[in-house]
Amino acid sequence: MEDGGTQHLGCCVVDMKELSANPEGLSAAAGTIPAKLQQLEFSIACNDLPASGRDRKPNALVQVAVIDPQRQQLVFHACTEIVEANKDPLFLTGVTLPSEYPDSQHLLVKLTVYDAKHKSQESSSFLGSATFSIGDLLRAKDGRLTLSLRSSDGVCTAGTVAVSHLKMGEMEEADHIATDTSSQKSPLVCEPADQSYIDREDYALTGPVFRNPICKVYRFQTADSKWMLVREQMEECTLSFTIPRQLLSLYIQEDKSRLQDLEDLGELSPHWDNLRKEVVTRYRGIISSYQDTLAEVQKITGSFKPSCCKAQKSLEFIPINLHTQRMRVTCPRKTDALYDIITVGAPAAHFHGFKCGGLQRLLSRYEGEKKSFSTAYQCIYYSPQHTAKAQEVLSTVSLLQPLITSLADQLLQAALEHSSHGLKDALKSLSDKTEQFVHTLKDELVKSALLALHAARPGYVSKSQKQTPVLCHQQGQGGDQNHSPVQGLPGHSPTTPVPESPVVCNNVKGGDSGSLKHQDSIPHHKEYDEEEWDRVWANVAKCLNCVIAKVDKLLEGDNSKQEPAPEQRLADVTTSHNPGDWREQLSPLEAACSIPQGFHLQQRRDVVFSQALAALACGFVMRLYAGLQDKDFLRQLHLVGLVAQFESLLSTYSEEIGMLEDMEVGISDLQKVVFKITEAKTDDLSELQPSVCGRRDHFTVEVPLPQVIFQTLPEEIKEGKPLRVFPVLFNVGINEQQTIAERFGDISLQERINQKNFEILEAYYKTLREKVPLECLPCFQTQADIKELLETLGQNVVTKKRKNVEILWIAGTICRRLNGIRFTSCKSAKDRTSMSVTLEQCALLRDEHQLSKDFFVRALDCMRSRLSQGDIGHWEDPEAGAVTENKPASRHFYPIALLLVSSHLLVVWLILSLVFLLAKYQ
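Here the structure is a predicted model, which is why all the values come from computation and not from measurement. Think of each chain on its own: its residues are numbered from 1, step by step along the sequence as written. Note on the predicted model: pLDDT of at least 70 is required for a residue's local features to be given, and 80 or more for side-chain atom pairs to be given and counted; whole-chain, interface and lining totals, by contrast, use all residues. In computing side-chain values, all of the structure's heavy atoms are included and hydrogens and water are not.

Draft legend 1. Summary view of the pattern of salt bridges. By salt bridge we mean one thing: a side-chain nitrogen of Lys or Arg within 4 Å of a carboxyl oxygen of Asp or Glu. In this structure the tally under the stated criterion is 29 salt bridges. Between Asp224 and Lys226 there is a salt bridge whose closest N-O contact spans 3.9 Å. Here Asp432 and Lys428 are joined by a salt bridge, their closest N and O atoms 3.4 Å apart. Note that Asp432 and Lys428 are positioned in helix H8 (residues 420–441) at a spacing of 4 residues, about one turn of the helix. Per-residue accessibility, obtained with a 1.4 Å probe over protein chains only, is compared with the maximum for each type, and a residue is labelled buried under 20%, exposed over 50%, and partly exposed between these values. For Asp432, a relative accessible area of 38% gives the class partly exposed. Given the relative accessible area of 56%, Lys428 is considered exposed. Through salt bridges with shared partners, one network takes in Glu254, Asp255, Arg258, Asp606, Arg695, Arg696 and Asp697. Only DSSP runs of H or I with at least four residues qualify as helices, and only runs of E with at least two residues qualify as strands; both kinds are numbered from the N terminus onward.

Draft legend 2. Spatial organisation of the nonpolar core. Formed by 82 residues in total, the largest nonpolar core has its most connected members in Leu613, Phe620, Leu637, Leu670, Phe675 and Ile677. Broken down by element, the residue count for this core peaks at 17 residues, all from helix H14 (residues 595–626). What makes two residues a contact is simply this: any of their non-hydrogen atoms within 4.5 Å. Ile677 has contacts with Phe620, Leu624, Val703, Leu705, Phe710, Leu713, Ile717 and Leu723, leaving out every residue within four places of it along the chain. Formed by 29 residues, the second largest nonpolar core is a distinct cluster that contains Phe42, Leu49, Ala130 and Leu145. In this text, buried Ala, Val, Leu, Ile, Met, Phe, Trp, Tyr and Cys residues form a nonpolar core when linked through side-chain atoms within 4.5 Å.

Draft legend 3. Molecular detail of helix H19 (residues 736–744). Residues of H19 that are buried include every one of Gln738, Thr739, Ala741 and Glu742, and no others. Within H19, the buried residues cover an arc of 165 degrees as seen down the axis, which keeps them to one side. The arc in question is the one spanned by the directions pointing from the helix axis to the C-beta atoms.

Draft legend 4. Region of the structure containing the pairing of strand S3 (residues 73–79). When you tally the buried positions in S3, you get 6 out of 7 residues, the bulk of the element. Sheet topology places strand S2 (residues 60–68) next to S3; 6 bridges connect them, and they run antiparallel. Among the inter-strand pairings, Val66 is bridged to a residue of S3, identified as Val75. Strand pairing follows a simple DSSP-based rule, namely that at least 2 bridges must link the two strands.

Draft legend 5. Highlighting the sheet that holds strand S18 (residues 821–825). The mixed open sheet is built from 10 strands, whose spatial order is S9-S10-S11-S12-S18-S13-S17-S14-S16-S15. Two strands close off the open sheet at either side, each with one partner strand: strand S9 (210–221) and strand S15 (691–695). Mean inter-strand twist for the sheet, computed between neighbouring axes without regard to direction, equals 25 degrees. Direction of pairing for strand S14 (residues 673–679) relative to strand S16 (residues 698–705): parallel, over a ladder of 7 bridges. Residue Val673 lies in a different strand from S16, and its bridge partner there is Phe699. Running at roughly 25 degrees to S15, helix H4 (residues 239–263) makes contact with strand S10 (227–237), S15 and S16 of the sheet. Angles run from 0 to 180 degrees between N-to-C directions of axes, and those axes are lines fitted to C-alpha atoms, restricted for helices to the stretch in contact. Contacting S9, S10, strand S11 (323–330), strand S12 (337–343), strand S13 (642–648) and S18, helix H23 (residues 831–849) crosses the sheet at an angle of about 165 degrees to S12.

All we've got here are geometric facts, nothing functional implied.
Put into C-alpha cells, the structure is as follows:
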C-alpha cells in the first residue's frame, strides 16, 4: 500500500528496509530448509512524564532509533502511536528489530519521548530520552528494563520508560489498563506449544517470492482482560515483475507464430491478400512494442510499481502497489491465527486512458460495429462465442495431436518388442484419443472456417458459378456474367471498377491451376464442399479400423515378425496435420472492419490481464505456502479449486468507470488460468520462482516446491493435476464521487458486476459442498452458516441501497470460510484500500479474538497511525539533531468520520454555491 520506493510490505515475519535488511542473504543447506531467523520485539510504557502546563497532561509518543555500531550512525527505526492526555502512557504499538540485530549484543537503541501538542500537528516538544543495549534487555530479569528519561540538559530526569521483551507464544493474564503505574505491568509471555505451526512460515521457502518485509507489532486487551499480540507483516512480491516479463515473452512468441500462420495460408485473392498484409503490419507493430516494453522491464530491479508510475508506458504491464499483508494473532492458550490479504491497484490500462470507457464497454461496442459491418459488406463474422469455441478447439488440437503421434509410436514399439500387454494398452489409448480428436474437429465452426478459407483462394468457383456456363477462354469478358471474388467486399463498392480476374474451371489442367501453392493440408480443388470434409474423417476411421484389425491379428497369431504397416500408416495420417497446419486453417482472417481498433483492444486486454495474473499468482502462492500442512485444504485444492475474491472500492463515476470496466474483463479472463505444483529441479532457492506457459486462450502457472515438501503433497497434485481458481469481483464505491454517481449518475455497472459474480460464487459453493465435506473448511468463532451468508449476500446484491458495504463484508467473510484468496483494490491501493484493510483486521480481532470494545477504536488508530512509520523523523531532538535517515510514511490515512460525512458536506457546499451564484447575478 506504499506509494513510494521507501516502505515495503510483507507476508513473512521480520525485517525493515530502513535498517538495510538483507532478506536474500539466506543460505540453504543441501536438501534442507534452514530454521527461521528470530527477531527482537519489545513494548514501551512511560511513567511520570512532566506536564507542559498546569492543567494539561502530555500527549506522549516515543520515537525509536538505532545506533549502528559499525558506522556510528543514528538511524530512525519506528515510532509508537500518540497516547493523549496521560502522564503514564502505555503504548499499544510495539517495536520489532530486524533479524540480524539481536546477534549484536552491543547494539544501542535510543528512545526519545515527545509531547505532541495535538494529533494533527507536525511538530512537538522534546520531553526526554534514554538509551539501552540489546544485551542489557536480553539479560534483564523477566525481560524488563526501567530507564530514566534525561531532559535536554542531560541532568534532570523527565520520568521513566519501561521496555519489556516480547516473545512468541502465550501471554500472561494482565489487569485492566489504568493510569496508575502499578496496574500497567507489561505482559510477559511463555514459549509456544506448537512450534511446527510457526515453522510453516519459514522464510527460506517464501524468500524467492516475497521480499523487503516489514513487521509491526501491537498488544491489545481482550474482553476477559487478557492480552493478545498482533503482528502486521507486510511485503513486496517479486511476481509483480517476473509474471509480466514471462507474459510479454509469451505474447511475442504467440504473435510471431500467428505471423507465420498467415504466411503459410498460401496464395489468396487480392482482397484477402491485402487484408493479410494489413494484419501482418499490425502484428509486427505489436511485437515491436512488446519487445521494447520487455527490454525496459528487464532493466528494473525493484519489486513493485508505485502509483505515481501507473500511467508510464514501459510499466503498463506491471500491477500497481502489489503487496501482501499478513496479520498474525497470538492469544492466551490458543493456537496462532493467520489472516492474509493481497492489496493491489485495480488492474486497468492507465496509459491508454479512459476517455472512451474501459474494456467491457469497448469490447461490446466493437462487436456490434464488427457485426453490422460484416453484414453490410458480406465479410466473414465470428461472434465472441465462436471465437471462444475456436480457441477451445485450438487448445484441444494442440494437446491431442502430439499425444496421438506419441501413442502411435508406442504402438509400433510394443509391436517390435512383442509385448501383448503394451499393444492392448497403446491401442486402447490411441483409439480413445483419436475419437476425441475427430470429435473435436468435426465441428460446424471448423467446417465453416475451412470452407471460408478455401473460398478466399484465387480461382474459387462456387456451385452456383459452376452451374453457369463459363468458357475457359472467355477470361476477362462477359461483364456481369463473371463476378470477381473481390466485388462486394470492403473497399470495392458495386459501382467501383474491379480488376478482372480469371475464373478457372475445375476440369482445366496446367496454366493457372498449376501455379497454386500447396503449402498447407487444405485441398486446393476448385470446389470444396461437405463431401470433401466427410471423406477426411472417413479415411481416419478406416485407418483406425485397419490398425485395430492388424493388432488383433498380431495378438491372435503372435506374429511379431510381420511389419506393422498399418500402424505406420496411422502415424502418417495423424502427423499429416501438424499443430501448425491446424492453427493455420482454424485462424481465419476476420472481417476487415475496425482492424486498428481490434488490435488496440487486444493490447489493452493484454495489459489488464498481465496485472491481474501477477496479483492472482501472488495470492495463490501465499495461500499455498500457508496451507502446505493442511490436508483438508490440499484436498479442496485438487478436487474443486480455490475461490479468489477481489474486493473493489472504485466509484462508478468519471474515469473510475473505465477502470472498473477494465478490471471486470481482466478478472473474468483469469478463468483461463490453471495452476500446477511441480518439484523444484534443485535445492537452489532461485528454482522456487513460479513460471507461466501457454497462450492467450489458456495459461498455466507452475509453482515449484522443494523436494522435501513436494513429496508430502497428495498424489493428484504430484501427478500434475491442473488446479483451478474461480475469480469473483465485488465492487462498492465508497468515496465522494460515488455519492455523486448514486444521486445523479448511473450505478448499473456495479449492480450487474455484483449480481453476476454472486452467481459464480454460489455455483462454486454448490460444487464444493458436493465434493468436499464442509467439516474440512476452517472453523471460526462466529458460527454463521455459509449457506445463510450466501442468502444474505444475494439479498444485499439486489437491494437498492447507497454504498452498501455489507456486500463487501459478507463476500469477504464467505471467502475466508471457503479457504479462498482475498484481494482488496482501489485506484492505487493506498487510501481506500488501507482504510478497508485496517477496518477488516480490527473487525476480525473483535469477532474472532474477543478484542475489548474499549480498545477497538484505539486498535484502529494504531494500525492507521501515520506516525508509526516515521512522520516525526524531522522533529527536533536536542541531543542528536535531525535523524539521518528519515523515511516518509507508508500509508496516507484520514479519519474515518471525515470519509463518512465528507460526501454530504460536498453536496451541501454545491447547493450553497449555487444559491450564492444565483443571488449574485440576479
